[in-house]
Amino acid sequence: RNESGQSISGTTNVTLNWDTTDNEDSPFTMASNILTVSEDGVYMLNFNVNIIDPTTTVPRYSGQVTIFVDGVAQTQIFNGGYIRGDADHFNSQIVGSLPLTLTNGQTVSLSFKRTSVNANVATVDTGTSFSLVQLKGSGATGATGLTGPSGDITWQGDWSAGTYTLNQAVTYNGTSYVCNTAST
């Protein structure tokens, strides 16, 4: 949990501080606000960043949470935290979940930056938290299922400017899109 009132007013990524950690029987350790996993596996990272700006001098604030694995930003970025001080709306939150395939020794951290134009005195509010849960299955492996029909959607990865043809699919800002008409 982050209970420190950490400033999150800057426009560059700042690693979130974790004042309290509960690592009961966990396959990871926490040091200097960076989590290190000790077992290969698939993990689910869940977080909730509470934001407060009790001032009314700057009317709008929004932010962004980025997950880093081994110091590299993941492509899924979480935006939100809209605060509108001039409407007596002084707190907000950004919540997210992200599955991660991690190996022994990899590190995970969360960072925050302001995305609004206006500078604020926003801080992390009490109750901010994250969890990392290793997803494990048990039991024997089941029989292999039947092969399904071949699809007509072709995955292209992250969106970039260019030409797309019918049924090509891309991702942009965490959302998937399928081209239903050839476009440039």
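Rules of the game
Residues numbered from 1 in each chain as written. Predicted model: local features only at pLDDT ≥ 70, side-chain atom pairs only at ≥ 80, totals over all residues. Heavy atoms only, no water. Phe/Tyr/Trp six-rings, centres within 6.5 Å; stacked < 30°, edge-to-face > 60°. Helix = DSSP H or I, 4+ residues; strand = E, 2+ residues; numbered from the N terminus. Buried < 20%, exposed > 50% of the residue type's maximum accessible area, 1.4 Å probe, protein only. Core = buried A, V, L, I, M, F, W, Y, C linked by side-chain atoms within 4.5 Å. Contact = heavy atoms within 4.5 Å.

A.B. asks: So what about the packing of aromatic side chains? Which residues, and what values?
C.D. replies: Across all of its chains, the model carries two aromatic pairs by this definition. Measuring from centroid to centroid gives 5.0 Å for Phe 47 and Phe 78, while their planes differ by 80°, and the two rings are edge-to-face. Of this pair, Phe 47 sits in strand E4 (residues 41–52) while Phe 78 sits in strand E6 (residues 72–83), placing them 31 residues apart in sequence. Each member of the pair, Phe 47 as well as Phe 78, is classed as buried. Aromatic pair Trp 159 and Tyr 172: ring centres 5.6 Å apart, planes at 75°, arrangement edge-to-face. Of this pair, Trp 159 sits in the loop between strand E11 (154–158) and strand E12 (168–172) while Tyr 172 sits in strand E12, placing them 13 residues apart in sequence.

A.B. asks: If you had to explain the nonpolar core to someone new, which residues and values would you point to?
C.D. replies: Counting 26 residues, the largest nonpolar core has Val 65, Ile 67 and Phe 112 as the members making the most contacts within it. Those elements that place two or more of their residues in this core are strand E3 (34–37), E4, strand E5 (61–69), strand E7 (91–102) and strand E8 (107–114). At five residues, the largest contribution of residues to this core is made by E4. Filtering out sequence-adjacent residues up to four positions away, Phe 112 remains in contact with Ile 8, Thr 12, Asn 13, Val 14, Leu 16, Val 49, Ile 51, Tyr 61, Gly 63, Gln 64, Val 65 and Ile 94.

These figures come from the coordinates and say nothing about function on their own.
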